[in-house]
Structures are given as C-alpha cells and as structure tokens.
Amino acid sequence: MLQRLAFAAALLLLGLSPVTAHGPTPQKADDRVTIAAPPETVWKLIAAFGSIADWHPLVKQSKATGEAAGAERTITLAKGELVEGLDEVDAGARRLSYRLSKENVEALPVSFYTVTIEVTPAAGGSEVSWGARFYRADTTNEPPENLNDEAAVAAMTDFIRQGLEGLKKAAAK
C-alpha cells in the first residue's frame, strides 16, 4: 500500500513538473554590415568603449571607466540609462564582448544581454558582425505585450541595425 501511495505521489509530481519549469527562453538578434573602410578604422570606433554615442544614433550620451576588460559604461537612450560591463577586448581578432550590468526595461525591454561585435576584412573594406543573446524584460510566465519576447527581439534588432548603420556613416568620415 505504501509503495502504491509513493508511486502515485511520484506520478503527480512528474505531472506538475512542466507547469513549474516554464520560464523565459534566451532570444537572439544578429546582423552584419559591409563598410567601405579598412578594418583598423572601423575597429578604432568600436574599441573606444566609452564613445558609442559618437556613432550610434540611439545613444544620446555615453561614458566609460576605461577601454579594457572590466570597464563599465553608462549609455543614455531616449527613455533612460543602461550600465554595461566590458568582458573582452581582443584587438588582434578585432572583437569586443560586453554584457548588461544594470537593466532599465523602460529604456530597452530586456532583463539581461551579452553582445559580441567583430570586425573582419571584406572585399572593399570591412564586415562588422553584431550578435546579442538576451532575455525579455519580464521573466514571468505571462509577460505584458511591451515586455515579452517579441518586444525584446524587436528592440534589440532595431538597436543593432541602427548601430551598424551609424557605424557605417561614422567610418566613412
């Protein structure tokens, strides 16, 4: 009898597992652009971690504590500030990686992200790849429309696309 009761309890718990295991899934946004400028020229713009406001049209202001791994920067967007931490700067590979340290879901509807930007030689100049992995702003099981996966993907995709276009314009100067 005790074995049957334990078996029934185990089945009941197994049946509840999918309900309690639900949560946000990581999202991604990736884009690239070809820029008619040497990789070194484009890399200098990206590697200046605190100067993103000089070329990204959505960033109104930026300031950083440095340009080496461990530095932090604060960027100001139309609806508020975000704080990002610089994880890796590989000048040889022309690759920079950073993450969101302090979220502001009003400014960008994500709760966390990691980003990698890489510059490679391409015919006629450079190719810049920008990839982000992130979670939606509201990590509950039923987020409101403005904080769900679709809102996060749309916002991050737009941020990357506008950043690449701004970088292309800045490198042409």
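Model, not experiment: these values are computed from the prediction.

Conventions used here
Residues numbered from 1 in each chain as written. Predicted model: local features only at pLDDT ≥ 70, side-chain atom pairs only at ≥ 80, totals over all residues. Heavy atoms only, no water. Axes fitted to C-alpha atoms, helices over the stretch in contact; angles between N-to-C directions. Helix = DSSP H or I, 4+ residues; strand = E, 2+ residues; numbered from the N terminus. Parallel < 35°, antiparallel > 145°, perpendicular 65-115°, else oblique. Left-handed = near helix turned anticlockwise from the far one by under 90°. Contact = heavy atoms within 4.5 Å. pLDDT = per-residue confidence, 0-100. Buried < 20%, exposed > 50% of the residue type's maximum accessible area, 1.4 Å probe, protein only. Arc of directions from axis to C-beta.

A look at the packing of helix H2 (residues 39–47) against helix H3 (residues 149–171)
Logical step 1: At a minimum axis distance of 10 Å, the contact between H2 and H3 shows a crossing angle of 125 degrees. Relative to H3, the element H2 lies oblique. Crossing angle aside, the handedness with which H2 passes H3 is right-handed. Across the interface between the two elements, Thr 41, Val 42, Leu 45 and Ile 46 of H2 pack against Leu 167, Ala 170 and Ala 171 of H3.

A short note on the confidence of the model for the protein
Logical step 1: Residues with a pLDDT of 70 or more make up 87% of the protein, whose mean pLDDT is 91.
Logical step 2: Contacts for the low-pLDDT stretch residues 7–21, under 50 throughout, to residues beyond four places or in other chains number one contact.

Here we look at the environment of Glu 118
Logical step 1: In this structure, Glu 118 sits in strand S6 (residues 110–122).
Logical step 2: The sequence separation of Glu 118 and Pro 39 amounts to 79 residues, and the corresponding C-alpha distance is 9.8 Å.
Logical step 3: Those residues within four positions of Glu 118 in sequence are excluded, and the remaining contacts are Ala 93, Arg 94, Arg 95, Glu 127, Val 128 and Ser 129.

With respect to H2
Logical step 1: For H2, the set of buried residues is Pro 39, Val 42, Trp 43, Ile 46 and Ala 47. Down the axis of H2, the buried set is contained in an arc of 130 degrees. They therefore lie on one face.
Logical step 2: At its buried positions, H2 is contacted by strand S1 (27–35), strand S4 (80–90), strand S5 (95–102), S6, strand S7 (125–136) and H3.

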